Amino acid sequence: QGSSSDYTLASLCDIREWIANNFVPAKLVLTIHDAVYIEAHKSVVVEVMTEVPRIMTSHFSYGVPLRVDASWGKTLGSLKPWTGAEDFNKVVGI
């Protein structure tokens, strides 16, 4: 977890910059070890769930593939694996 935590911390500035520069209605809430928790308006969840993993896997890693597991939910206790926009839109009714 040590290296993944380092990559996560390196991603925080880039994620915050992306949110601010693109006026995304979202905010960084919490980091735990190698996880980033973001609150986002439901209108941008799909965009956030696409862009944040892209940012997190964009760092130089000496050829070692970086992988991001993304989850979503209304609370930390209700997180479920991200399976794509279609499932999210069905559940949320967008």
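Right above here is the structure, for reference.
Residues numbered from 1 in each chain as written. Predicted model: local features only at pLDDT ≥ 70, side-chain atom pairs only at ≥ 80, totals over all residues. Heavy atoms only, no water.

(A) Layout of a nonpolar patch on the surface. Where nonpolar side chains cluster on the molecular surface, the patch consists of V29, L30, I32, L76 and L79 and spans about 400 Å² of accessible area. Among the secondary structure elements, L76 is positioned in the loop between β3 (71–72) and β4 (80–81). (Patch = residues over 30% accessible without salt bridge, like charges linked within 9 Å, V, L, I, M, F, W, Y side chains within 5 Å. Areas by Shrake-Rupley, 256 points an atom, 1.4 Å probe, with all protein chains shown as cover. Salt bridge = Lys/Arg side-chain N within 4 Å of Asp/Glu carboxyl O. Helix = DSSP H or I, 4+ residues; strand = E, 2+ residues; numbered from the N terminus.)

(B) Highlighting the side chain of T8. Here T8 is to be found in helix α1 (residues 2–21). T8 sits in the buried class, given a relative accessible area of 3%. A polar contact is formed between the side chain of T8 and the backbone oxygen of D34, at a distance of 3.3 Å. Ignoring any residue separated from it by four or fewer positions in sequence, one finds T8 in contact with H33, D34, A35, V36 and M56. (Buried < 20%, exposed > 50% of the residue type's maximum accessible area, 1.4 Å probe, protein only. Polar contact = N/O pair within 3.5 Å; in protein donor to acceptor, adjacent residues only side chain to side chain. Contact = heavy atoms within 4.5 Å.)

(C) Inspection of the packing of aromatic side chains at higher detail. Summed over all chains, the structure comprises three aromatic pairs. Considering the side-chain rings of W72 and F88, the 5.0 Å spacing of their centres and the 80 degrees angle between planes classify their relative orientation as edge-to-face. Pair noted here: W72 is in strand β3 and F88 is in helix α3 (residues 85–92), with a separation of 16 residues, a long-range link. Exposure remark for W72: the relative accessible area of 14% places this residue in the buried category. (Phe/Tyr/Trp six-rings, centres within 6.5 Å; stacked < 30°, edge-to-face > 60°.)

(D) Local environment of unusual backbone geometry. For F23, which is not a glycine, the phi torsion comes out positive at approximately 50 degrees. The residue F23 is located in the loop between α1 and β1 (26–32) in this model. On the basis of relative accessibility, which here comes to 73%, the residue F23 falls in the exposed class. Even without a glycine there, the phi angle at H33 is positive, about 55 degrees.

No statement about biological role is implied by the geometric values presented.
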